[in-house]
Amino acid sequence: MDEKRVFSVLVNNHFGVLTRISGLFARRGYNIDSLTVGVTEDPEFSRMTIVARGDHAVFEQIGKQLDKLVDVRHIEVLTPDDAIIRQLMFIKVNTKNRDLAAIREIAELFRAKVVDVAEESITVQAVGDTAKLEGLENKLRAFGIREIVQTGISGISRGDHTLIGMKRNAEKAVIEGQFNG
Amino acid sequence: MKLSGAEIIIQCLKEQKVDTIFGFPGGAVIQIYDALFRDGTINHILTAHEQGASHAADGYARASGRVGVCLATSGPGATNLVTGIATAYMDSIPLVAITGNTPMNLLGKDSFQEVDILGITMPVTKHNYMVTDVAKLADTIREAFAIAASGRPGPVLVDIPKNITIEKTEYEYREPEPVTIPRSPATEEDWNRAAEMIRRAERPFIYAGGGITLGRAAKELAALVRKIDACLGLSLMAMDCMEKDDPHYTGMIGMHGSKASNMAMKNCDLLIVLGARFSDRVVGKTEGFHENKRILHIDIDPAEINKNVPTDHFIISHMKPALEELLKRVEEKKHPRWMGEIRELREKFPVSRAPQSKRPKELLDALTELTGGNALIATEVGQHQMWAAQFYGFRQPYSFLTSGGLGTMGYGTGAAIGACFARRDRQVVSVAGDGSFRMNCQELSTAVQNKLPLVILLMNNKTLGMVRQWQTLFYNGNYSATTLDYAIDWVKLAESFGAKGFRIGAQDDPRPVLKQALESGCPVLVDCDIPLDNKVFPMVPPGAALDELVLGDEA
Ligand SMILES: Cc1ncc(C[n+]2csc(CCOP(=O)(O)OP(=O)(O)O)c2C)c(N)n1
């Protein structure tokens, strides 16, 4: 049974790290739905949000194999309950002979913004989880969609803790001999 | 002290107490070779081919338990190392491979002998680096050694553009941090649960693998086996970790395993897996493998747990401390019925039963007798490799150098050369097939140049025997591209390299010639006639379950 899981991965901010991670997924046949990467508050680290598809056994392996990479510093699994998971989407919709107001109304309903208006199209920008963006896309389909561009998913856990903080705690535990692998 | 990058590399090798490295020069590493020459304290072994250098570094590591080092130039030099690096990766052998590359201002421009060796070796290294700042060179090399040797060992590649070897920076000697064996994350409860599983077992079977070899834990393994009265099967990677006549030992497990081991693996109620990874060559069909038994898996690599076969309980640990911990917690047990059953299988179906491996057995028996079972045995890949595993009577653990994971033909000669440098006190013998030996036979010249007392036992069946065996059994005897009835005169070939060459005919008593070879004190190739259609048995046909093995004693 295919499910999705979101891995938030703290990695060294080096060249080649993205290749190591995508190579690992390709080589071991793990399915990636999306992967985003960006530098963190500490320029030493980047953070990747990876959405993988598979079953429980695959997710277990993904976590462990990622953990073996020297450049991977910490891994957290994000769930919709305890994390905010978002994606950005641009939809360019046909407006020729169409009701501009109706499009704006739908966009508003999804808290999306109109970011460009051209002669025959307008471009809507939306942020949300995958379900919301799919909903918007479905609603706009009737008008004729010209183009869709979307980012992968980014996520952050709720609460005060941070991924770098969690990494530091884990390392401290190792030094103090509480946990060692 | 301001030193050039090349000089820093040499100093860092000395920090790690590296006394021998294997390599081949070229433009991108000429600076490093110059520094080696001027320093003069590191023994550099020039191989005939970079592949030989990587296998030699691997053999050196396996035989010594230390990190092996190889060095090659950019482009083809680097790519020639790849098979050796992949071989080491699959068997978790600690290696540091240093490659040169074009100067940084020429990188990415398809410059002469530029190759993206980082990209090429990413899937077959534990980690790799390109050094782009001379100030970071020393620490990178130190890190490479630490990563190669720690946890589950493996090869690490350091790619160094030529300008980095020329640029200068401050260098200060640093004592390497000792590689510590980390404490297991297992809790008191985890250990107790493992001990409890063992206490409850009535039919315990231990399947031990390369982790015992890498962790140098054969003694502790034997102690556990005796204390809990379990039978023990070994994977190819730990063939030398128990003496073959030990009453608890049931033989190799897997595709060419013994009937006793394979049946015990199937019929046990507790399978204890120590430093092994359920490779497809060991478990055969995974469906149904777990039936009617509990599995306790102990390994240093968490990713091996539940990877190929789901386990009931696991512990992440190096082998030695794990076995010591278990020994403290388990009580003495006796399982006379179970052990009796398995012993009966062992006696009734010894691996030596198959008439089609009679001659290889005679040769390996003679070798065992003449070396007292104390030789370091390297192998190539094929039938001879399996025969060596089945029949050589190892009396010392950590003495079997074989490419188990990658199955690299061409591995043996280089690995044996590396072993000669690691253990000058031991006799080294490479058990080879004619097909495999031919792949890297040029390394004979390396053995001769260095006056190594290396014996190559060439099991010459004039065919790619292992493939031929499959063609006979599963492909209607269509011997496609496996016949090697070439006009090679192996004795002359050996002599032309400056080695000695001997021949043992199919009917000859092998002992006199073998004895002479072993006493020669120089490289000797012994060309042994093996019947074309000799086979390795028992055999589990591909895709079958372990107990569906063919014994091969019909004919
Ligand atoms: C580099 C490489 N190429 C191909 C193979 C596939 N292969 C496995 S065993 C074998 C035959 C080996 O022949 P030989 O060295 O003569 O040994 P024998 O089986 O006859 O003892 C071959 C071709 C391999 N393992 N490695």
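Just so it is clear, the model here is predicted, and its values are computed rather than measured.

**Q** Can you help me understand the sheet that holds strand E3 (residues 45-54) of chain A in this one?
**A** As a general point, the strands of a sheet are linked pairwise by backbone hydrogen bonds and lie either parallel or antiparallel. Residue and element names in this part refer to chain A. The four strands lie next to each other as E2-E3-E1-E4, forming an open sheet whose pairing is antiparallel. Edge strands, defined here as strands with exactly one partner in the open sheet, are strand E2 (31-39) and strand E4 (72-78). Strand-to-strand, the axes of this sheet are offset by a mean angle of 20 degrees, without reference to chain direction. Helix H1 (residues 17-27) rests against strand E1 (3-12), E2, E3 and E4 of the sheet, and its axis sits at about 15 degrees to E3. The strands touched by helix H2 (residues 56-68) are E1, E3 and E4; relative to E1, the strand with the most contacts, the crossing angle is about 5 degrees.

**Q** Honestly, unusual backbone geometry in this entry has me stumped. Any pointers?
**A** Where the residue is not glycine, phi is negative for most of them; where a peptide bond is considered, it is trans in most cases. Residue and element names in this part refer to chain B. Pro538 follows Phe537 through a cis peptide bond whose omega is -5 degrees. Along the chain, the position of Pro538 falls in the segment after strand E20 (524-529). The phi torsion at Lys17 lies on the positive side, around 60 degrees, for a residue other than glycine. Residue position: Lys17 is located in the loop between helix H1 (5-15) and strand E2 (20-24). At Asn476, a position not held by glycine, the phi torsion is positive, near 50 degrees. Here Asn476 lies in the loop between helix H20 (465-474) and helix H21 (490-496).

**Q** Whenever I open this one, the packing of aromatic side chains confuses me. Can you help?
**A** Here the distance between the centres and the angle between the planes together describe a pair of aromatic rings. Taken as a whole and assessed by the stated rule, the structure comprises ten aromatic pairs over all chains. Measuring from ring centre to ring centre gives 6.0 Å for B:Phe278 and B:Phe289, while their planes differ by 90 degrees; the resulting arrangement is edge-to-face. Of the two residues, B:Phe278 is situated in the loop between strand E12 (270-274) and helix H12 (280-283) and B:Phe289 in the loop between H12 and strand E13 (294-299); the sequence distance between them amounts to eleven residues. Residue B:Phe278 is classed as buried on the basis of its relative accessible area of 1%. Among the aromatic residues, those joined into a ring-pair cluster are B:Phe22, B:Tyr60 and B:Phe421. Lying over the aromatic face of B:Phe314, A:Lys64 brings its terminal NZ or CZ to 6.0 Å of the ring centre. For the cation-ring pair, B:Lys259 lies above B:Phe349, with the distance from its terminal atom to the ring centre recorded as 4.6 Å.

The rules behind these values
- Residue positions within a chain follow its written sequence, with the count starting from 1.
- A letter from A marks each chain and a number from 1 marks each ligand, given out in the order of writing.
- With pLDDT at 70 or above as the cut-off, local features in this predicted model cover only qualifying residues; side-chain atom pairs require 80 or more to be listed or tallied, and sums for whole chains, interfaces and linings still use all residues.
- Hydrogens and water are ignored here; the side-chain numbers use all heavy atoms of the structure.
- Two strands qualify as a pair provided that DSSP identifies no fewer than 2 bridges between them.
- In this text, helices come from DSSP runs of H or I with a minimum length of four residues, and strands from runs of E with a minimum of two, each type numbered from the N-terminal end.
- Working convention: axes come from line fits to C-alpha atoms, limited for helices to the stretch in contact. Angles between N-to-C directions cover 0 to 180 degrees.
- By the convention used here, residues are in contact when the closest approach between their heavy atoms is within 4.5 Å.
- Two aromatic rings, drawn from Phe, Tyr or Trp (for Trp, its six-membered ring), form a pair once their centres lie within 6.5 Å of each other, and the interplanar angle then sorts them: stacked below 30 degrees, edge-to-face above 60, tilted otherwise.
- Only protein chains enter the accessibility calculation, which uses a 1.4 Å probe; a residue whose area is less than 20% of its type maximum is buried, one above 50% is exposed, and one in between is partly exposed.
- We count a charge as sitting over a ring when the NZ of a lysine or the CZ of an arginine lies within 6 Å of the ring centre and within 35 degrees of the ring normal.

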